Amino acid sequence: MFLELHIIQSFGPSVLNRDDTNTPKTAEFGGVTRARVSSQCLKRLTREHYERALGLSAESVITSSPFTRVAQTLRDAHGRDYDDARRVAATAFAQAGFDVESEKGAFSLAAPARFGVADLDAIAKLLADEPTWDALSAAFTAAAGAAKGGKKTVDPMTLISGDTSGTSRSIRDLALQNTNLGVALFGRMIAMKKAAAKTSSDETNDEDKAAETAKTSLIDAACSVAHAISTHRAVAEFDFFTAVDAYAETTGAGMMGDIPFNSATYYRVVALDLHEMRKRLTGDVDFDAALRAFLEATILLAPQAKQATFLANEVPSLVLAVVRDDQPQTLANAFERPVRPAPEGGFIEPSVRALGAHWAAARTAYGDAGIRGVTAFSPLSDDLLGSLEAVAVRPFDQFIEEAMRLATSDRTTEA
């Protein structure tokens, strides 16, 4: 079962998401240039919103150095020396089967991955145990000594062998836990050492071990996020600015420059696999609270780039929520032909009408099979919503309640 959120949201002059030339991102669609905001940017904004709502249990980070958080917790909560703690943490991860590298005293994984912050704190608590700390310190010292004793320069982390002890298994289980909301929503892939995949059978071959490793280190994303695109043609403009040097002894500007920006009405869509999310959010994680936080975060996300210069935060003009049994869909083709401004100007109203017309045409042509329910929210007047007026719910908190009801109901609901 999938939840789709189709959103029309307009932003005035702004720099929501930039490319490598410091220019607002664009895309070609329908033969014209559109303003674009990448899915990566949108996912980060969503994550920041729900983390503020749910706290530490929902926080996650993408990092190649999870040892930094572990070491900080060992220092702040357990009184350990920070440098020693980093070495112990890196050794623990290496023994647990993670591909750890070191260079000039800095430790990192072979590639960045997503970890739950609370899970890293739990690992720190395990490592603070005196016998565990001493054993890991000794393992690192032995590996560092062996690396220096050879004829060739060797990374000491490669000499640290995997460990099948209960502590290593616990560290691996905590680090690879998928109940964190960020991991459940956006997935994770970690390159593990083949030896990390241990089974209860001594007859398991290397291929089986490698397959088991891939199974435990890869978590598919329950959430799919499309790049937001403008519903109309959009091009970048440039703000030329100067600043006065208050104490200059000469006339003229103290500095000058330009900032590329644009303004656009965007269509964006997010789809959430509700069964996958429910399956992963087990234990102390409340599914309803997580879903509500995700809904509000996705709808009310606020871009942060250049806000001091442009202050472009704006709430959506339309949210269409669809719950269906089969494959989630986008309604981007509502804007394959770019919308034209209304006679009085503005892209919001024609964009809302175009989305509503496309949705109605698709349902007429393909039918309602698989659709469990539909609800919509808009601050616009009903006469501007077209076919969506029949499913519109206000105020916003009641719309959230209706979307929650549809997403958590196991029975078919008439739209």
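Attention in this report is confined to the structure presented alongside it. (Residues numbered from 1 in each chain as written. Predicted model: local features only at pLDDT ≥ 70, side-chain atom pairs only at ≥ 80, totals over all residues. Heavy atoms only, no water.)

## Points about empty space enclosed by the protein
For step 1, the next point in the chain: Applying the stated rule across the entire model yields two cavities of 30 Å³ or more.
For step 2, the next point in the chain: A volume near 80 Å³ is recorded for the largest cavity.
For step 3, the next point in the chain: Where the lining of the largest cavity is concerned, the elements lending two or more residues are β1 (2-14), α1 (39-54) and β13 (255-273).
For step 4, the next point in the chain: Looking at the lining of the largest cavity residue by residue, the classes come out as nine nonpolar, one polar and one charged.
For step 5, the next point in the chain: Each pocket or cavity is described by its volume, and for the second largest cavity that value is around 50 Å³. (1 Å grid on protein atoms, 1.4 Å probe; cavity = no way out; pocket = protein on both sides within 12 Å on 5 of 7 lines; lining within 4 Å. Points joined across faces, edges and corners; volume = space filled by probe spheres on them. Helix = DSSP H or I, 4+ residues; strand = E, 2+ residues; numbered from the N terminus. Nonpolar A, V, L, I, M, F, W, Y, C, P; charged D, E, K, R; others polar.)

## A closer look at helix α4 (residues 117-127)
For step 1, the next point in the chain: When we look at burial in α4, the residues that qualify are V117, D119, L120, D121, I123, A124 and L127.
For step 2, the next point in the chain: Those residues of α4 that are buried are in contact with β4 (60-63), α2 (66-78), α3 (82-95), β7 (113-116), α5 (130-149) and α6 (166-175). (Buried < 20%, exposed > 50% of the residue type's maximum accessible area, 1.4 Å probe, protein only. Contact = heavy atoms within 4.5 Å.)

## Details of the nonpolar core
For step 1, the next point in the chain: Counting 49 residues, the largest nonpolar core has L3, L185, L272, M277 and L291 as its most contacted members.
For step 2, the next point in the chain: Top contributing element to this core by residue count: helix α10 (residues 287-299), with eight residues.
For step 3, the next point in the chain: If near-sequence neighbours (up to four positions away) are discounted, L185 is found in contact with Y50, A221, A222, C223, L272, M277 and F294.
For step 4, the next point in the chain: Listed in part, the 36 residues of the second largest apolar core include A89, A92, A124 and A175. (Core = buried A, V, L, I, M, F, W, Y, C linked by side-chain atoms within 4.5 Å.)

## What about the environment of D129?
For step 1, the next point in the chain: You can see D129 is positioned in the loop between α4 and α5.
For step 2, the next point in the chain: Taking the C-alpha atoms as reference points, D129 and H78, 51 residues apart in sequence, are found 9.6 Å from one another.
For step 3, the next point in the chain: A polar contact is formed between the side chain of D129 and the side chain of T132, at a distance of 3.1 Å. (Polar contact = N/O pair within 3.5 Å; in protein donor to acceptor, adjacent residues only side chain to side chain.)

## Here's the deal with unusual backbone geometry
For step 1, the next point in the chain: Cis geometry is adopted by the peptide bond preceding P395, which originates at R394 and carries an omega value of -5 degrees.
For step 2, the next point in the chain: For K306, which is not glycine, the phi torsion reads 55 degrees and is therefore positive.
For step 3, the next point in the chain: With respect to the helices and strands, K306 occurs in the loop between α10 and α11 (307-310).
For step 4, the next point in the chain: Despite not being glycine, L311 shows a phi value in the positive range, around 40 degrees.
For step 5, the next point in the chain: Counting through the fold element by element, L311 comes out in the loop between α11 and β14 (318-324).
For step 6, the next point in the chain: Using a relative accessible area of 65% as the deciding quantity, one classes L311 as exposed.

## Considerations on the pairing of strand β3 (residues 32-37)
For step 1, the next point in the chain: Within β3, five of the six residues are buried, which leaves it mostly tucked inside the rest of the structure.
For step 2, the next point in the chain: Bridge count for strand β2 (residues 26-29) against β3 is four bridges, and the pairing is antiparallel. Each residue of the ladder has a partner; that of E28, found in β3, is T33.
For step 3, the next point in the chain: Linkage of β2 to β3, two consecutive antiparallel strands, is achieved through a turn of two residues, within which G30 is found at a positive phi near 65 degrees.
For step 4, the next point in the chain: Examined bridge by bridge, β3 and strand β11 (residues 228-230) share two bridges and lie antiparallel to one another. Considered in β11, the bridge of R36 is made with I229. (Pairing = 2+ DSSP bridges.)

## Notes on the layout of surface pockets
For step 1, the next point in the chain: By volume, the largest pocket is sized at about 520 Å³.
For step 2, the next point in the chain: Along the walls of the largest pocket sit 26 residues, with Q40, C41, K43, R44 and I62 positioned nearest its centre.
For step 3, the next point in the chain: By residue number, the principal contributor to the lining of the largest pocket is α1, which donates seven residues.
For step 4, the next point in the chain: In terms of residue class, the lining of the largest pocket is made up of 13 nonpolar, five polar and eight charged.

## Quick look at the side chain of H232
For step 1, the next point in the chain: Note that H232 resides in the loop between β11 and β12 (237-243).
For step 2, the next point in the chain: Sequence-distant contacts of H232, that is, excluding residues within four places in its chain, are made with T33, R34, S263, A264, T265, P338, V339 and F347.

## Concerning the pattern of salt bridges
For step 1, the next point in the chain: If you walk through the whole model with that rule in mind, you get 14 salt bridges.
For step 2, the next point in the chain: Across the pair R44 and E48 runs a salt bridge, and its minimum N-O distance is 3.3 Å. In this pair, R44 and E48 are both assigned in helix α1, four residues apart and thus about one turn of the helix distant.
For step 3, the next point in the chain: What makes E48 partly exposed here is its relative accessible area of 23%.
For step 4, the next point in the chain: Measuring nitrogen to oxygen at the nearest pair gives 2.8 Å for the salt bridge that ties R363 to D368.
For step 5, the next point in the chain: Using a relative accessible area of 42% as the deciding quantity, one classes D368 as partly exposed.
For step 6, the next point in the chain: One continuous salt-bridge network, built from bridges that share partners, spans E276, K279 and R280. (Salt bridge = Lys/Arg side-chain N within 4 Å of Asp/Glu carboxyl O.)

## Some remarks on the packing of α3 against α4
For step 1, the next point in the chain: It is at 11 Å that the axes of α3 and α4 come closest, and there the two elements cross at 100 degrees. As the angle between them shows, α3 and α4 are arranged roughly perpendicular. Between α3 and α4, the contacting residues are V88, A89, A92 and F93 on the first element and L120, I123 and L127 on the second. (Axes fitted to C-alpha atoms, helices over the stretch in contact; angles between N-to-C directions. Parallel < 35°, antiparallel > 145°, perpendicular 65-115°, else oblique.)

## Focus on the packing of aromatic side chains
For step 1, the next point in the chain: Counted by the stated rule, this structure contains 10 aromatic pairs.
For step 2, the next point in the chain: A centroid spacing of 5.2 Å and a plane angle of 85 degrees characterise the contact between F67 and F93, whose relative ring orientation is edge-to-face. A residue pair is termed long-range when its members are at least 10 positions apart, and F67 in helix α2 and F93 in helix α3 qualify at 26 residues.
For step 3, the next point in the chain: An angle of 75 degrees between the planes, with centres 6.0 Å apart, marks the rings of F107 and F140 as edge-to-face. One end of the pair, F107, is in strand β6 (residues 106-109); the other, F140, is in helix α5, and 33 residues separate them in sequence. Exposure class is identical for F107 and F140. Each is buried.
For step 4, the next point in the chain: Here the aromatic cluster, defined as three or more aromatic residues joined through ring pairs, consists of F67, F93, F98 and F115.
For step 5, the next point in the chain: Between the NZ or CZ atom of R80 and the centre of the ring of W133, over which it lies, the distance is 4.2 Å. (Phe/Tyr/Trp six-rings, centres within 6.5 Å; stacked < 30°, edge-to-face > 60°. Lys NZ or Arg CZ within 6 Å of the ring centre and 35° of its normal.)

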